[in-house]
Amino acid sequence: MPGLIRGVARTAVVAGTATAVSNRVSRRQAGRWAQQDYDQQQAARQAAAPAPAAPSLSTEDDMDNKIERLKQLGDLKAQGVLTDEEFEAQKRRVLA
């Protein structure tokens, strides 16, 4: 009789462990699927949202901005903050 009880107890432990592992795997997989669904929904929402239009500057405004930037660069060069090479490089970037 003790051998029978030991066998039943072992079977109960194995079955309980298998059930617990199976449930944990199922919960983890459901969580992964839920995360994938959420990510797909977020991507769809971002794709559906219209991109904000960049404000277009008129040619005159653009030129005013460039002139202002060149004046600032000239002031920095006059103060000794920028070297001649740095000034020329920044000037090329502004005018490009």
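Values in this document were obtained by computation on a predicted structure and should not be read as measured data.

Participant: Looking at this model, I keep getting lost on the overall build of the protein. Mind explaining?
Facilitator: A tally of regular secondary structure across the protein gives three helices and zero strands. Each helix and strand of the protein, placed in order from N terminus to C terminus, yields the pattern α-α-α. A burial count over the protein gives 4% of its 96 residues as buried. If you sum the accessible surface of the protein, you get close to 8300 Å²; carbon and sulfur atoms cover 57% of it.

Participant: Would you take a moment to explain the pattern of salt bridges for this structure?
Facilitator: Note that side chains of opposite charge can pair when their charged atoms are close. All told, the structure shown has two salt bridges when counted by the stated rule. Here aspartate 84 ties to lysine 77 by a salt bridge, and the two come within 3.3 Å at their closest N and O atoms. Overall, aspartate 84 belongs to the partly exposed group, its relative accessible area being 47%. Judged by its relative accessible area of 32%, lysine 77 is partly exposed.

Participant: Could you clarify how one ought to interpret the confidence of the model for the protein in this entry?
Facilitator: As a general rule, the predicted coordinates of low-pLDDT regions are not to be interpreted in detail. Confidence in the prediction for the protein averages 83 pLDDT; 89% of positions are at 70 or higher. Mean pLDDT across the elements of the protein bottoms out in helix α2 (residues 59–79) (85) and peaks in helix α1 (residues 2–48) (87).

Participant: For this particular structure, what's the right way to read a positive patch on the surface?
Facilitator: Judged by side-chain charge, Arg24, Arg27, Arg28 and Arg32 come together as a positively charged surface patch. Mapped onto the secondary structure, arginine 28 falls in helix α1. Judged by its relative accessible area of 44%, arginine 28 is partly exposed.

Participant: Explain the packing of α2 against helix α3 (residues 84–95) to me, please; I cannot follow it from the model alone.
Facilitator: At a closest axis distance of 10 Å, the pairing of α2 and α3 adopts a crossing angle of 175 degrees. Considering their axes alone, α2 and α3 lie roughly antiparallel with respect to each other. Two secondary-structure elements touch here, α2 through Lys66, Arg69, Leu70, Leu73, Gly74 and Lys77 and α3 through Asp84, Phe87, Gln90, Lys91, Val94 and Leu95. For the contact of α2 with α3, a count of residues per class yields five nonpolar, two polar and five charged.

Participant: Explanation requested: a negative patch on the surface in the structure shown.
Facilitator: A contiguous patch of negative charge on the surface is contributed by Glu60, Asp61, Asp62, Asp64, Glu68 and Asp75. Here glutamate 68 lies in helix α2. For glutamate 68, a relative accessible area of 42% puts it in the partly exposed group.

Cut-offs applied
- Residues numbered from 1 in each chain as written.
- Predicted model: local features only at pLDDT ≥ 70, side-chain atom pairs only at ≥ 80, totals over all residues.
- Heavy atoms only, no water.
- Helix = DSSP H or I, 4+ residues; strand = E, 2+ residues; numbered from the N terminus.
- Buried < 20%, exposed > 50% of the residue type's maximum accessible area, 1.4 Å probe, protein only.
- Areas by Shrake-Rupley, 256 points an atom, 1.4 Å probe, with all protein chains shown as cover.
- Salt bridge = Lys/Arg side-chain N within 4 Å of Asp/Glu carboxyl O.
- pLDDT = per-residue confidence, 0-100.
- Patch = residues over 30% accessible without salt bridge, like charges linked within 9 Å, V, L, I, M, F, W, Y side chains within 5 Å.
- Lys, Arg positive; Asp, Glu negative; His and termini not counted.
- Charge placed at Lys NZ, Arg CZ, Asp CG, Glu CD.
- Axes fitted to C-alpha atoms, helices over the stretch in contact; angles between N-to-C directions.
- Parallel < 35°, antiparallel > 145°, perpendicular 65-115°, else oblique.
- Contact = heavy atoms within 4.5 Å.
- Nonpolar A, V, L, I, M, F, W, Y, C, P; charged D, E, K, R; others polar.

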